[in-house]
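Fold and contact review
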Amino acid sequence: MTNPLLAAALLALALIVPTQAREITHAMGVTEVPDAPVRIAILTNEGTEALLHLGVVPVGAAQSWQGNPFYPHLADQLADTVSLGTETAINLEVLASLEPDIIIGTVFRHEKVYEQLSAIAPTILSATIGPQWLENYAFYGQAVGLGDKAQANVAAFKDRATALGEAIGDGVNEEVSLVRFAPGRTRIYSDHSFAGVVLDLVGFQRPALQRSEDTFVQIGKERIPEMDADRIFYFAPDDDNAESMANLGEWLNDPLFLQLDATEAGKATRVRELSWNLGGGIYSAYMMLDEIADIYDVTLPAQAD
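Residues numbered from 1 in each chain as written. Predicted model: local features only at pLDDT ≥ 70, side-chain atom pairs only at ≥ 80, totals over all residues. Heavy atoms only, no water.

Should the pLDDT be low somewhere, the predicted coordinates at that spot are not to be read in detail. When pLDDT is averaged along the chain, the result is 92; 93% of the residues meet or exceed 70. Confidence over residues 5-18 falls short of pLDDT 50; this stretch has 1 contact with residues more than four positions distant or in other chains. (pLDDT = per-residue confidence, 0-100. Contact = heavy atoms within 4.5 Å.)

Following this line, the structure appears as structure tokens:
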């Protein structure tokens, strides 16, 4: 006759589902993470876009650089997500209270607090953000157990960028320059930037000075000639606050800027800072493609959901 206590113990053991785990190699080493994490905390804006695009809603996320607390194009999806402070000032107390299964960040922002993060939950960090945003997208997918889906989504984005270049045709042979105007911080961005990567995927040419591993170079007005190209894409704070608009007007009306080839040809075009710089992720990149299509007056098929 079977011992009732033994039978009960065996049944209890049978009902225990072992926690599956795997090792993820990342910028800080190798970390064991849950095979299918549920409570995910993401500490970068580009990472938030990646997770949502993969169909994963984080329990906590770094707040957006604009919005309260998240960008308008993400707000609905993040209605139940807790803001963790900015990328550069993560609130560790709030983060710990969420009891995440996994934390995802970047060395570029979070190396100094890596040990504190790791004490809260298994933590993996990308090396940087911006120029390797597509590689990071695949990395995030791997981290949450959706590696194949992430790879397919990366390929789909590249295909759409290629299709846009083909639709533009000879226009992609233009050299395009990328400039940011902000009070006290005027920068020329290289191909080694978020937007620079997207422009390269479309097939645009870039001025030789903007082929650089430095993401940007900060300049004074004497270096305005370095902005020149066949076309200039420029952005400034999207809210058009008084200080920004005064600064923008000062630069755009400088004699050196007015003498640039792109300016004289009427090809100095303002674009949105959110999509070309701040968002830094896949939704922003798709918005970039849509803006470029509008500028060159071409039409692409509706994007599949």
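Don't stop here, the text continues.
With that settled, the discussion passes to helix H8 (residues 147-168). Along an α-helix, a turn takes 3.6 residues, which lines up residues three or four apart on a common side. Helix length check: H8, at 22 residues, gives a terminal C-alpha distance of 32 Å against a target of 32 Å (1.5 Å per residue), a fit within 8%. Of all the positions in H8, only Ala-150, Asn-153, Val-154, Phe-157, Arg-160, Ala-161, Leu-164, Gly-165 and Ile-168 are classed as buried. For H8, the angular spread of the buried residues around the axis is 140°, confining them to a single face. When the buried face of H8 is taken as reference, the exposed residues oriented beyond 90 degrees from it are Asp-148, Asp-159 and Glu-166. Considering only its buried residues, H8 is in contact with helix H2 (45-53), helix H7 (133-143), helix H9 (194-202) and helix H14 (282-295). Count one or two residues on from H8 and you reach Gly-169, which has phi positive near 70°. (Helix = DSSP H or I, 4+ residues; strand = E, 2+ residues; numbered from the N terminus. Expected span 1.5 Å × (residues − 1). Buried < 20%, exposed > 50% of the residue type's maximum accessible area, 1.4 Å probe, protein only. Arc of directions from axis to C-beta.)

We now examine the pattern of salt bridges. For the structure on display, the rule yields 10 salt bridges. Asp-35 is the partner of Arg-22 in a salt bridge, and the nearest nitrogen-oxygen pair spans 3.0 Å. Here the residue Arg-22 occupies a position in strand E1 (residues 21-26), and Asp-35 occupies one in the loop between strand E2 (29-34) and strand E3 (40-42), the gap between them amounting to 13 residues. Notably, a salt bridge pairs Lys-267 with Glu-174, separated by 2.6 Å at the nearest N-O pair. Of this pair, Lys-267 sits in the loop between helix H12 (261-264) and strand E14 (268-270) while Glu-174 sits in the loop between H8 and strand E10 (176-180), and the two are 93 residues apart along the sequence. Here the salt bridges do not stand alone but share partners, grouping Glu-174, Arg-231 and Lys-267 into one network. (Salt bridge = Lys/Arg side-chain N within 4 Å of Asp/Glu carboxyl O.)

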